[in-house]
Amino acid sequence: MTKIITKRSALSTLVAALLTTQSWAVFADTITNNVYSEKGLAGTLTQEKIDEQNYKAKIEFGWNNRRILIDETLKLNEKGLPINFSLKGRSAFGSAIDETFSYNRGIAQWKSVNESGIKADATLDFYVPSNNRLALDNATMRYVLKNNKYELDVYPQGKMLIEKMKTMKLGEQTVHLLVTSGLSLTPNFAWYDDDGNYFAQSWGSMYVLRDGYTKSQFEELEAIQKQAEQQYLENLASKLTHDVPALLIENVAVFDGEQKKLLKNHDVLIKNGKIVEITKHIKKQNGVASLDGKGKTLIPGLWDMHGHLSKDNGILNIANGVTSVRDMGNDHDNIMEIEALFNTNQVLGSRVYRAGFMDKYSENSAGLSVKSLEEALETVDFFADNGYVQVKLYSSIDPNWVKPISERAHSRGLRLSGHVPAFMTAEQAIANGYDEIQHINMLFLNFLAGEEVDTRTQKRFSLMGEQASGLSLDSPQMNAFIKLLSDKRIVVDPTVSTFRSLLMAEDQKINPEYAAISEHMPIAFARGLKGAEMHVDEQFKLSYQESGEAMQQMLKKLYDAGVPMVPGTDNIAGFTLIRELALYVDAGIPAADVLNMATLESAKLMGVAHQTGSIAKGKVADLVLIDGDPLKDITALQKATLVIKGEQAFKPAEIYQAIGVKPFTTSPSLK
């Protein structure tokens, strides 16, 4: 899957603006910005000016096996406001894009494959599409700078806030770093020229740069952008962090991970980031803050065992009670910086456990790509030398490399996991040294793809949708495979919510995986949760829905057979983990066992259960106070009232209010 907070919102960040090389008085007819990945040129963002009021644009870029193709048209009135707009094309996973907006005689109307709306409005506002766009956002920034208006009402609703952070000269060109906020979970930082036209932007492992400028010039802008982003996040951390050198939580139900039960009406004393005492009726001490835990449950901090961390998604983990994350693939310098910032609480985020990511270079490869077995083995050594906990392989790895890679990894004390490489079965991957398998689809593909299908492509998703529901989970072959997983203690990291999201989301509907939280989200983010992600032929629509349910049945079969599982997300940080755990319970797994998977069992797998993962005397105080009882209703996990990470405490309600999310419950006062 991808390495981003949310696929659709992150892509909108990437292409959310327009591009030019001159002032509008001498506007070139066609302007191109280039999109680069770690492999080089990944695509282009191109705009054509037809006249002063009419523009066309094309978005074409891709990464891994995802490809985006969008055609855009835009008509402005004499004031530079949009009166007609359209987008047509396909998304990264192939779903249709068809979106329009118009304003005529005081009536604004918009329509897409997922929604429609109409509003009588004497004052024309800008429209925020639910899909990626180019010309419209450029027109928005041009209007902002030309009119010195940095707060805009927008359709369908809400306000867009823009702030100028930095201005500098790049050759003969003056560029401005602008930050846009108010519509999504995180702000968007990007560079624009004097006329408000998109110039450059750093975005994860990819970046955008105006055609004709050099990588060294981009790096100059990137350093300033990243510093501004970090300062923004540091300011948030300073505002939202509460120091708790000593805290007494009284009369609370404590989850005992060893016994998988609740200890009712207990007190828990925390000092200097450690759990000092757990018993009934601890005497209050001077200088110790306290809070009443009546009606609440204290659980260990949650673990996300399949995260892809960024500086700005750490805050979502903390708000959702996720205090530890196993990062399953990141640029080395990036993850080391993130880990340092999170560990020192300069930026809000979890504790970090690093898995090194590796793929073999191909058209569909992702992340760190190697070109020879020798280079692959050297990469294993690099991970071992730099404190990684394991190696994750991806879909383009040569099956013949798996055994020597596993031998090198095991000799260096590292575990081996990943996607099952194309033209290899899961059984073969296990025989050649896999300790763990990422994603539940890889278990189904053991039978659906075998050694014949090229699962480097989107076939690893479409085969699941079309055929998983027809695969017998009780056949002798399947039972033997599940027994192999259990006997070999092969850990499965299912990320079932993310795959259900991919297969089961439908046009005109809120993605069922996020239906419970959508009304709490900022408007633009919530709109991004609606609609199909994949193109599904009519003949397969029922199969895709049934295959989503088959994943639930597989979860229960794995649990019943004693196959070790750890919960992860590979999608929107924090929120997806809580949904993942709810799906496990819905599949028939007891809530206490599910909660244990997300705490103590994950800590054991990472080799740190002696210091974290459960509520026990002497352990690190990574804790979450829940409003309710998650053993009776696992969705109560969404109602975290206080999150403790060592000597720091965080109030989720405060965090949510700071990022435009409607809180799920209130925060306690620390007396």
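Residues numbered from 1 in each chain as written. Predicted model: local features only at pLDDT ≥ 70, side-chain atom pairs only at ≥ 80, totals over all residues. Heavy atoms only, no water.

The next subject is the nonpolar core. Of all hydrophobic cores here, the largest spans 165 residues; its most connected members are Phe444, Leu485 and Met521. Leave out the neighbours within four places in its chain, and Met521 touches Leu185, Ala526, Leu529, Phe575, Gly660, Val661 and Phe664. Grouped together as the second largest cluster of nonpolar side chains are 18 residues, Val252, Ile270, Ala621 and Ala649 included. (Core = buried A, V, L, I, M, F, W, Y, C linked by side-chain atoms within 4.5 Å. Buried < 20%, exposed > 50% of the residue type's maximum accessible area, 1.4 Å probe, protein only. Contact = heavy atoms within 4.5 Å.)

Right, let's talk about the pattern of salt bridges for a bit. Where charged atoms from two side chains of opposite charge come close, those side chains can pair. As enumerated under the stated definition, the model contains 36 salt bridges in all. One salt bridge connects Asp474 with Lys557, and the closest N-O pair in it is separated by 3.4 Å. Here the residue Asp474 occupies a position in the loop between helix H10 (459-467) and helix H11 (476-487), and Lys557 occupies one in helix H14 (residues 541-560), the gap between them amounting to 83 residues. Overall, the relative accessible area of 17% leaves Lys557 in the buried class. Between Asp487 and Lys483 there is a salt bridge, with the nearest N and O atoms lying 2.6 Å from each other. Placement of both Asp487 and Lys483 in helix H11 is noted, with a separation of four residues, approximately one turn of the helix. Using a relative accessible area of 51% as the deciding quantity, one classes Lys483 as exposed. (Salt bridge = Lys/Arg side-chain N within 4 Å of Asp/Glu carboxyl O. Helix = DSSP H or I, 4+ residues; strand = E, 2+ residues; numbered from the N terminus.)

Here we take up the side chain of Asn64. Position of Asn64 among the secondary structure elements: in the loop between strand S3 (54-63) and strand S4 (66-76). The exposure class assigned to Asn64 is buried, which follows from its relative accessible area of 6%. Among the polar contacts listed, one links the side chain of Asn64 to the side chain of Tyr394, at a separation of 2.8 Å. Setting aside its immediate chain neighbours within four residues, Asn64 contacts Glu363, Asn364, Ser365, Ala366, Tyr394 and Arg460. (Polar contact = N/O pair within 3.5 Å; in protein donor to acceptor, adjacent residues only side chain to side chain.)

Turning next to the packing of aromatic side chains. Inspection of every chain in the model, using the stated rule, returns 22 aromatic pairs. Between Phe447 and Phe481, the aromatic rings sit 5.6 Å apart at their centres with planes inclined by 85°, giving edge-to-face as the arrangement. With Phe447 in helix H9 (residues 441-448) and Phe481 in helix H11, this residue pair connects regions lying 34 residues apart in the sequence. For Phe447, a relative accessible area of 27% corresponds to the partly exposed category. Its relative accessible area of 1% is what places Phe481 among the buried residues. Here a set of aromatic residues connected by ring pairs shows up, and it is made of Phe85, Phe101, Trp110, Tyr127 and Tyr155. Over the ring of Tyr388 we find Arg354, and its NZ or CZ is 4.6 Å from the ring centre. (Phe/Tyr/Trp six-rings, centres within 6.5 Å; stacked < 30°, edge-to-face > 60°. Lys NZ or Arg CZ within 6 Å of the ring centre and 35° of its normal.)

Mapped onto the present numbering, the UniProt feature "domain: Amidohydrolase-related" (unreviewed entry) falls at residues 317-646. In the segment residues 317-646, helix accounts for 41% and strand for 13%; the C-alpha atoms at its two ends are 15 Å apart. (UniProt positions renumbered as here; feature names shortened; annotations may be inferred.)

Two elements in contact, helix H12 (residues 496-504) and H14, have axes separated by 8 Å at closest approach and are oriented at 165°. One element, H12, and the other, H14, form an angle in the roughly antiparallel class. Crossing handedness for the pair H12 and H14: right-handed. On the side of H12, the interface is formed by Val496, Phe499, Arg500, Leu503 and Met504, while H14 contributes Tyr544, Gln545, Ser547, Gly548, Glu549, Met551, Gln552 and Leu555. (Axes fitted to C-alpha atoms, helices over the stretch in contact; angles between N-to-C directions. Parallel < 35°, antiparallel > 145°, perpendicular 65-115°, else oblique. Left-handed = near helix turned anticlockwise from the far one by under 90°.)

Now for the confidence of the model for the protein chain. In the predicted model, the protein chain carries a mean pLDDT of 92, and 96% of its residues have values of at least 70. This model gives residues 1-27 a pLDDT under 50, and the stretch forms 123 contacts once residues within four places in sequence are excluded. (pLDDT = per-residue confidence, 0-100.)

The topology assignment puts Glu436 in strand S28 (residues 436-438). Residue classification places Glu436 among the buried positions, given a relative accessible area of 0%. Reaching out from Glu436, the side chain makes a polar contact with the side chain of Gln438 at a distance of 2.8 Å. Not counting residues within four places of it along the chain, the set of residues in contact with Glu436 comprises Arg326, Gln390, Arg415, Leu416, Ser417, Gly418, Ile490, Val491, Asp493, Val566 and Leu605.

What follows covers helix H6 (residues 373-385). Given a rise of 1.5 Å per residue, 13 residues ought to cover 18 Å, and the 18 Å separating the end C-alpha atoms of H6 matches this to within 8%. Listing the buried residues of H6 in full gives Ala376, Leu377, Thr379, Val380, Asp381, Phe383 and Ala384. Contacts from the buried residues of H6 go to strand S24 (351-360), strand S25 (369-370), strand S26 (390-393) and helix H7 (402-411). Following H6 by one or two positions, Gly387 adopts a phi angle in the positive range, close to 80°. (Expected span 1.5 Å × (residues − 1).)

Before going further, it helps to examine H11. For H11, spanning 12 residues, the distance from its first C-alpha to its last is 16 Å, which sits close to the expected 16 Å at 1.5 Å a residue. What H11 keeps buried is the set Met478, Phe481, Ile482, Leu485 and Ser486. Down the axis, H11 shows its buried residues gathered within 140° of arc, on one side only. Residues Pro476, Gln477 and Lys483 are exposed on H11 and point more than 90 degrees away from its buried face. Buried positions along H11 lie against helix H8 (426-431), S28, H9 and H14. Two residues or fewer past H11, Arg489 is found with a positive phi of approximately 55°. (Arc of directions from axis to C-beta.)

As a further point, take unusual backbone geometry. The step from Tyr155 to Pro156 runs through a cis peptide bond, and the omega angle for that step is 5°. For Pro156, the location among the structural elements is in the loop between strand S10 (151-155) and strand S11 (159-170). Positive phi values are uncommon outside glycine, yet Lys260 reaches one of about 55°. Mapped onto the secondary structure, Lys260 falls in the loop between strand S17 (246-256) and strand S18 (261-271). The class for Lys260 is partly exposed, based on a relative accessible area of 38%.

Okay, the environment of Val563 next. By secondary structure assignment, the location of Val563 is in the loop between H14 and helix H15 (575-586). For Val563 and Thr498, which are 65 residues apart along the polypeptide, the C-alpha to C-alpha distance reads 20 Å.

Between H12 and H15, the shortest axis-to-axis distance is 8 Å and the interhelical angle comes to 95°. By the angle between their axes, H12 is roughly perpendicular relative to H15. Listed contacts from H15 to Val496, Ser497, Thr498 and Arg500 of H12 are Thr576, Arg579, Glu580, Leu583 and Tyr584. Here the residues of the contact of H12 with H15 sort into three nonpolar, three polar and three charged. (Nonpolar A, V, L, I, M, F, W, Y, C, P; charged D, E, K, R; others polar.)

Every second residue of S26 is oriented toward a common face, with Gln390 and Lys392 on one face and Val391 and Leu393 on the other, all of them buried. Alignment of S24 against S26, held across four bridges, turns out to be parallel. Bridging across to S26, Met358 finds its partner in Leu393. Bridge count between S26 and strand S27 (residues 415-418): four bridges; the pairing is parallel. Paired with Lys392 across the two strands is Ser417, which belongs to S27. A crossover connection joins S26 to the parallel S27 through H7; in handedness this β-α-β unit is right-handed. (Pairing = 2+ DSSP bridges. Right-handed = clockwise from strand over helix to strand, strands pointing away.)

A word on the environment of Leu134. Note that Leu134 resides in the loop between strand S9 (126-127) and helix H2 (135-147). Along the chain, Leu134 and Ala57 lie 77 residues apart, while their C-alpha atoms are 6.6 Å from each other.

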